[in-house]
Amino acid sequence: MPFHTLLQENMAALLRSARLLRLSPSGLLHVAGTNRTGPPLGRLYSGALCGSRTAACSRLSRPGSDSVSISHVWPYSAGCLRGYAVATDNKDEASVSVRSKQAQQFDWALAKLDSSVRRTGRITKTLLLRIFHDICRTGYPSGNQALLLLRSCGSLLPEVPLEERTVLAHRVWEKLHELGAQFDVSHYNALLKVYLQNEFKFSPTDFLAKMEAASVQPNRVTYQRLIAAYCQNGDIEGASTILGFMKTKDLPITEAVFNSLVNGHARAGDIESAKNILPVMRGAGIEPGPDTYLSLLTAYAEKGDLESLKKTMEEAESADCSLMDRDIMQVIFTLAKSGHQQHIPDMVERLRHERGYVPDAMNLCLSLITQGQEETAFNILKSFSSLEPDNFATDSPNLGNFFLRHCVNMNTSLEKLTGYCEELQETKRHSAPLTFSLQCALEAKKTDLSFELMKILKEQGLPLRPHYFCPLLSQNLKDNNPAGVMEVMKGMQELGVTPDSETLSNYILPVFPSTEAARQAITDAGISLDSDNFLSLEVRSLAMSDLAKLYTLLSDPSFPPLDHNSFRNSLIQGFRKSDDVESMAKITELLYKDKRFSKEGSKPAEGASYFLYNLFDSRTEGEVQAQEEKLRKYLNQLQAQNIKISLNIFKGIRNLLESYHVPELVKDVIALVDPKERVSSGSMSAAPRFVGIEGRVVALENKLAELKAENKPLGFILKQTIQALCAEENLQRALELKQQHEEELTAGSYATLINLCCRHENVEEALNLKRELSRKDSSISLDAGKYIALVKVLSKVDRVEEAVDILKEMKEKDVAINDANVTMLFYTLNSLVSKGAVPIRRLQDTIFTLGLAKPTANLCSPLISAYLESKDLSGALEAALEFQKSYNQLPRIHDILVALVEKGDTELLQKAMDFVSQERGEMNMLYDLFFAFLQTGRFREARKIIETPGLRARPGRLQWYAEKCIFVNQLETLEQMVDMTSKLFECDRDEMYHYVLRLCKETNNWEKAEAVWTKMQEENIVPRERTLRMLADILKTNGQEVPFEMPETWYERAATAQQDKSALPPTKAESGPEYQTRLLALCKRGKAKEAYGMLKKADKQGLTLTPTPYDHLIRALLADGAFDDAMVVKDIAVSRVPGFQLSNTATSMLIITHSKKGETSDALANLKSMMQAGHVPSQLAITRLVQAQGSSGDMAGIQEVESLMQSLGTNLNLSSMVFVSNKALAHIKNDDVDSAVELLESVYTSPDSTNPGMSFVFRKVMEDDNEKAVDKLSAMAEKLANQFACYRPAVDLFLQLLDMDKLDEAKFMLARCNAVAEQKEMLVSYVSRKAQYPGQVGKIKALMSLIPDFTEKEVLYPYLMKCHVVDKDLVSAKALNEQIQKEGMVIDELSLKRLAALYRNAGETAPFTEPPESFKFYADQLKDRAAKVQVAADE
């Protein structure tokens, strides 16, 4: 056995030994190196200020508390929780679908909790408990979820007392362990951290023994925190023992250990030894950092030694260890707890109010209030107003809401609370502090405090509203406590507040058996009420329950006036549930005629009309459709009663009915409109659109010769021919054709030839062609791409002035420039870098002066590149500053700063920094300087910059530099950045370490990845699942053990456990949820056969399961095609579980299986029985059944399914063509093609047609080789296209022919219906679909050969590049890239990023810089660009 293993196993025994080693700390602390072993720990992301910091000793002590052994921590004695043992209680079986939904909700809630921690440094107990209860209901916690929940039980809960936090931590641990969470060393370390933060006394030796019993090996972080635990109690001897063990194991002694020793000596009463730890650290090669000084400051704060506090702070500053505000707040908290409040003002004066001060100060206030230090907290609160004084000049300032709420929750005395409120209001920090305090008291259900505050508000002349009492009443209502309700009502009467109708109906009456009983009880109690409110309540109650009685009540002449709006919603709701149409019509007539039920000054008829509109508007589409007959009867009765509505009301109701797809009721509504107002409306039939379409033919030279021989016009064909030649890069032949047919050459052909000449760098020929074009028509202008190509080629051959003339011509002719053209301009300028700054500056000035493009950092950067390449740093800086002054752009400032730092030109560097600070703010300047120092390896200077007080995290800038490091494989630089940002406010530490792991993965550096994991634990970081997965992947790839539980689903964990148990019969203990979970796990992992065998064995032993495992196994077997086995399981379930029924999912899968086997009658029978039971089939089940019926020619079956779907009353999102297409196929199967054609034609010629696709029909008849059907359907498609301008069927047919490699037929189709070539949107959509899958590039090229210009190349080339990437065809991708460059086009960033990834996967280095943004960013950019190109093409 290795020596270190033996040591580790005997560690607990060693610590328990009575002969504890007496080791001098100084003799154990020698650490090689001159720098810190690790970064300062827990300085930022350590939560609120009420506990100790990560990996350091606790600075919030409870002197005098005895040590509590760990045996008293875990059991349920003295109000605590049980130990680590896994509970064996059976769990209730829950629906798997419900569990899945709960898991999704929990992931969302977990993200919210994590966000709260990162944003404010704290969470609320309510949120934590809600998430905890969610995971308990779900029953399948992951290790990472358990880690975050455990970590949340410490200083992140500043509003919760320390003892209560620890109880909660034990509760979480016990329950998660019971639910099967796998705890690794990170969980034990997190629990240790919580103990330290909560100042919980426990036995470190027993804790370590528990870890060993659970086969969890402690790591460096564990030992560090155990040392902190000993030191928290002042036990230096115990800490020394662990130090000796760490020394034996060669574990590094980090700054955190020394910090703990400082605290330990101070707690032991030896403050001199605590001070002497600092020189010991220096002797060990570790320079004391801010955390070390903070530990010493905390020790002095506990003693109340103000002079030593001041002296130590000065020493820290002189040692270049800047203390942050939150460090000083820690000292303030310690002073307050230790009873030295007189020194707090001195510390408050030292607060600098850095960025992030407010959330840290809020956490300090909350912690102080929790500890009973409200006065100190209030003094801290008053310092907030000095930060943003403008905020307190507003109409409603509300500083101190969190303070008042916590005071209320912690039962602060009324005298103190009102005193705080008075001062906040007098100093105009809060507009209504008493009212807010009342709100908090009401929410907390503190009845006595609420009434006392209300009395004060009343004395001050502030109004009291009935709804103030609702929270107090709701609790009594929930408890069904009439006496409690009466007490609250008495209090209301004493305060002179009368309950309104809402309060009566929602909070008072429901606690009594009836309205009369409520009235009697309230009267007996001597409480007076407004009779009108009771009357309104009685009407609402009858409206909801009995319309006939309501009519009797309202129609009584003695009934007092009552605006119908007070009971309108109740009446509408009551009618929705009632079938008493006659009473409803009578009530509506009363509203229409009787003035008692309308507002004063308004007409009853008008109010009734609006009531009728609201009756329809309040219903959903499904409700109107389901109650169509009832509503028709109601409307007819209104007509019989001669009730009329205005035309505007009719239009509103008509619009609602049409949106509900119930237009049949419109005629019943229009009958209510006065005949004099009626307007006859007829449907306008739109004439079919005809679009002029020019013929298109394949561009071939022999066809051109043929047309010339026949003396026919050549223009269009000549253009096509030249385009084809240009695509082949055949410049010579294209120019020859131009010479032969110059008179017939169009402007478009000239433009194409000019572009080709530019690609071949034939400048003279390009200019000649341009002059010829101008002679023909001087008004004609080229597109921007052609002009820029000319500028580029002219600049390359040093004809810059001619290039400038081209740019001026672009401005004169108002040539439109889009984003792609701007990118082309950048590449044009960048191609001149080697020629120096002069030509670039000349072109840039022209472009910006003429306004051809807005100045951007990208367009400005080529000039900087030219200066940097020539080593002219002064010129580069001057140019950058000029761009900032003129255009507010600062291109390549990072590269300039890096060059200046490398050269050591401090004068220019200072000039640059002063300018950046003035123009873009000090924070941006500091980040620029920070990155420059990092890039040049000057890490000491970089650390000083990033630790500047008040600096906060800029995620975008940090990500930019991290991605840069990853791209160029700069691991050391990236590590240094991550280390230095540990103190940075609002820095996402998981994200920072994730960058390092990404680089570790790319370089396969598992040792570094393992070290990253340890450092994350030291910082007490809860990693996201993606971080854990990446780390696990790195370790597994290199054959290393993963030191934590991998994030996985519950069924993966259960199935892992099943591997060792599957061969054994279930024991009695397994016959419950555990055995069922194993069975479900096998189903989830696709091991249906194994689960089937397991179930059969269990069935032989007489084991009965709940319905869920049977159902899931049936589904798994059906998914595997094992129909017979599935039916056997169904029989077992029926025999074992009385009344067993398949779930919706299983029944739907059974329908699908029958459909695939051609057993449509069985499938239809299952569908009918399913719907009769009130269940809803899946969309796929209906689709497969109807398709099977169509294939077999079962027209009656399709119609029956369609009828069933119409009666379902819900929308399954079925395609509009499911039934139409399969009916057509059924007709074709029955040799009745004409009926199929007639059916399909009716769909496309309908005025309401949405032009649905019919590719499915074409594919089916082609697969069946039914030539007769193909011919007739083709004729129909051509007819629809040529006569009705409906091109969808023709395009579907053309693309289906293309898809099935029938190119000749596709050509003929194109010749007969040339309008297909104009349907760009559908053709591009086809290309987009094909680009998703491998092996489809041939289909796209076939389309290009048939329709060469169906879309712009800017749209087409990205799809081609995607095809090559999907096919992993680097050769073709390279060729495409070269072709794009030859054509003078600029490859889009998305294609470039895809190509770079292809190079990388092939083990080659890309000959260009990979775009830095994400794939999604460039995909969205490309979509926008394609849309603009399409709009331009359409125009």
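Along every chain, residues carry numbers that run from 1 in the direction the sequence is written. This being a predicted model, a pLDDT of at least 70 is required before a residue's local features are given, and a value of 80 or more before pairs of side-chain atoms are given or counted; all residues contribute to the totals for chains, interfaces and linings. To get the side-chain values, take all heavy atoms of the structure and skip hydrogens and water.

Overview of the overall build of the protein
Line of reasoning, step 1. Of the regular secondary structure elements, the protein holds 77 helices and zero strands.
Line of reasoning, step 2. Partly exposed describes any residue whose relative accessible area lies between the buried limit of under 20% and the exposed limit of over 50%, with all areas from a 1.4 Å probe on protein chains only and scaled to the type maximum. For the protein, the residues scored as buried account for 52% of the 1435 residues in total.
Line of reasoning, step 3. Should any heavy atoms of two residues lie within 4.5 Å, those residues are counted as being in contact. A sequence separation of at least 24 residues applies to 69% of the contacts in the protein between residues at least 6 apart.
Line of reasoning, step 4. Here the Shrake-Rupley method, with its probe set to 1.4 Å, supplies the accessible areas, and only the displayed protein chains count as covering residues. Of the roughly 64300 Å² of accessible surface on the protein, 48% is carried by carbon and sulfur atoms. For helices the rule is a DSSP run of H or I covering at least 4 residues; for strands it is a run of E covering at least 2, with both sets numbered from the N terminus onward.

Regarding helix α7 (residues 162-178)
Line of reasoning, step 1. One fewer than the residue count of a helix, multiplied by 1.5 Å, yields its expected span. Between its terminal C-alpha atoms α7 stretches 25 Å, which fits the 24 Å expected from 17 residues at 1.5 Å a residue.
Line of reasoning, step 2. For α7, the buried fraction is high: 12 of the 17 residues fall into the buried class.
Line of reasoning, step 3. Of all the residues in α7, the buried ones are L162, R165, T166, L168, A169, H170, V172, W173, E174, L176, H177 and E178.
Line of reasoning, step 4. Among the residues trailing α7, G180 stands out with phi positive, at a value near 100 degrees.

Description of the packing of helix α60 (residues 1107-1119) against helix α62 (residues 1144-1156)
Line of reasoning, step 1. Lines are fitted to the C-alpha atoms to define the axes, a helix being fitted only along its stretch in contact, and any angle between axes, read from their N-to-C directions, falls within 0 to 180 degrees. Interhelical geometry of α60 versus α62 gives an angle of 25 degrees and a closest axis separation of 9 Å. With respect to their mutual orientation, α60 and α62 come out roughly parallel. Where α60 crosses over α62, the handedness of that crossing is left-handed. Here D1111, R1115, L1118 and A1119 of α60 come into contact with α62, specifically with T1145, A1146, M1149, L1150 and T1153.
Line of reasoning, step 2. Here the term charged refers only to Asp, Glu, Lys and Arg, the term nonpolar to Ala, Val, Leu, Ile, Met, Phe, Trp, Tyr, Cys and Pro, and the term polar to all other amino acids, Gly among them. Looking at the contact of α60 with α62 residue by residue, the class counts come to five nonpolar, two polar and two charged. Note on terminology: angles under 35 degrees are roughly parallel, angles over 145 are roughly antiparallel, angles of 65 to 115 are roughly perpendicular, and the others are oblique. With the far helix as reference, a near helix turned anticlockwise by less than a right angle produces a left-handed crossing, and one turned clockwise produces a right-handed crossing.

Here we look at the confidence of the model for the protein
Line of reasoning, step 1. The pLDDT score gives, residue by residue, the confidence of the prediction method on a 0 to 100 scale. When pLDDT is averaged across the protein, the result is 79; 84% of the residues are at 70 or more.
Line of reasoning, step 2. In the predicted structure, residues 1049-1071 sits below a pLDDT of 50 and forms 40 contacts with residues beyond four places in sequence or in another chain.

As for the environment of G1335
Line of reasoning, step 1. You can see G1335 is positioned in the loop between α72 (1320-1330) and α73 (1337-1346).
Line of reasoning, step 2. For G1335 and D1367, which are 32 residues apart along the polypeptide, the C-alpha to C-alpha distance reads 6.4 Å.

What about the packing of aromatic side chains?
Line of reasoning, step 1. Only Phe, Tyr and Trp rings take part, Trp by its six-membered ring, and two of them pair if their centres are within 6.5 Å. Stacked means planes under 30 degrees apart, edge-to-face means over 60, and tilted covers everything else. What the rule picks out here adds up to 23 aromatic pairs.
Line of reasoning, step 2. Geometrically, a charge over a ring is one whose NZ (Lys) or CZ (Arg) sits within 6 Å of the ring centre while staying within 35 degrees of the ring normal. In this arrangement the basic side chain of K630 is found over the ring face of F575, its NZ or CZ atom lying 4.7 Å from the centre.
Line of reasoning, step 3. Seen from the ring of F1123, K1157 lies directly overhead, with NZ or CZ sitting 4.0 Å from the centre.

What about the pattern of salt bridges?
Line of reasoning, step 1. What makes a salt bridge here is a side-chain nitrogen of Lys or Arg within 4 Å of a carboxyl oxygen of Asp or Glu, nothing more. If you walk through the whole model with that rule in mind, you get 57 salt bridges.
Line of reasoning, step 2. Between K455 and E452 there is a salt bridge whose closest N-O contact spans 4.0 Å. Taken together, the residues span about one helical turn, with K455 and E452 both in helix α23 (residues 447-459) at a distance of three residues.
Line of reasoning, step 3. The salt bridge involving R799 is made with E802; its shortest N-O contact spans 2.6 Å.

Thoughts on helix α54 (residues 989-1003)
Line of reasoning, step 1. End to end, α54 covers 22 Å across 15 residues, agreeing with the expected 21 Å (1.5 Å per residue, within 8%).
Line of reasoning, step 2. Every buried residue of α54 is accounted for by R989, D990, M992, Y993, H994, Y995, V996, L997, L999 and C1000.
Line of reasoning, step 3. Identification of polar contacts relies on pairs of N or O atoms within 3.5 Å, with a donor-acceptor requirement for protein atoms, meaning one able to donate a hydrogen and the other able to accept it, and with residues adjacent in sequence counted only if both atoms are side-chain atoms. You can read the cap of α54 off the contacts: a side-chain oxygen lies 3.3 Å from the backbone nitrogen of D990, and it is on D988.
Line of reasoning, step 4. N1004 sits one or two residues past α54 and shows a positive phi near 55 degrees.

A look at the environment of K1001
Line of reasoning, step 1. Summarising the element assignment, K1001 is placed in helix α54.
Line of reasoning, step 2. The spacing of K1001 and T1037 is 36 residues in sequence and 9.5 Å in space, taken between C-alpha atoms.
Line of reasoning, step 3. Excluding residues that lie within four positions of it along the chain, K1001 makes contacts with M1030, D1033 and I1034.

Structural notes on the nonpolar core
Line of reasoning, step 1. Core analysis: the largest hydrophobic core is formed by 146 residues, its most contacted members being L176, F384, F403, M454 and F469.
Line of reasoning, step 2. Each residue touching M454, except ones within four places of it in the same chain, is listed here: L438, L442, L464, Y468, F469 and L495.
Line of reasoning, step 3. Core analysis: the second largest hydrophobic core is formed by 127 residues, L767, L773, M977 and L999 among them. In plain words, nonpolar cores are sets of buried Ala, Val, Leu, Ile, Met, Phe, Trp, Tyr and Cys residues tied together by side-chain atoms within 4.5 Å.

Some details on the environment of M1094
Line of reasoning, step 1. Looking at the element boundaries, M1094 is found in helix α59 (residues 1088-1100).
Line of reasoning, step 2. M1094 gets classed as buried once you look at its relative accessible area, which sits at 6%.
Line of reasoning, step 3. Each C-alpha atom of the pair M1094 and L1082 lies 9.8 Å from the other, and the pair is 12 residues apart in sequence.

Here's the deal with the state of the cysteines
Line of reasoning, step 1. Note on terminology: pairs of cysteine sulfur atoms within 2.5 Å are recorded as disulfides. Evaluated as defined, the whole model comprises zero disulfides.
Line of reasoning, step 2. No disulfide involves C440; its sulfur sits 9.4 Å from the nearest other cysteine sulfur, which is in C421.
Line of reasoning, step 3. By relative accessible area, C440 is classed as buried at 2%.

Here's the deal with the side chain of S1148
Line of reasoning, step 1. Its place among the elements puts S1148 in helix α62.
Line of reasoning, step 2. Setting aside anything within four residues of it in sequence, one finds S1148 in contact with M1170, P1177, S1178 and A1181.

What about unusual backbone geometry?
Line of reasoning, step 1. At E761, a position not held by glycine, the phi torsion is positive, near 55 degrees.
Line of reasoning, step 2. Relative to the helices and strands, E761 resides in the loop between α40 (747-759) and α41 (763-776).
Line of reasoning, step 3. Residue E761 is classed as partly exposed on the basis of its relative accessible area, which comes to 48%.
Line of reasoning, step 4. Its identity is not glycine, yet D814 carries a phi of approximately 55 degrees, on the positive side.
Line of reasoning, step 5. Relative to the elements of secondary structure, D814 occurs in the loop between α43 (800-812) and α44 (819-830).

Notes on a negative patch on the surface
Line of reasoning, step 1. Each patch groups residues whose relative accessible area exceeds 30% and which form no salt bridge, using 9 Å between like charges and 5 Å between nonpolar side chains of Val, Leu, Ile, Met, Phe, Trp and Tyr. Counted charges follow a simple rule, with Lys and Arg positive, Asp and Glu negative, and His plus the chain ends left uncounted. Here the site of a charge means NZ on Lys, CZ on Arg, CG on Asp, or CD on Glu. Together, D1264, D1265, E1267 and D1271 line one region of the surface with negative charge.
Line of reasoning, step 2. Since its relative accessible area comes to 52%, D1271 is described here as exposed.

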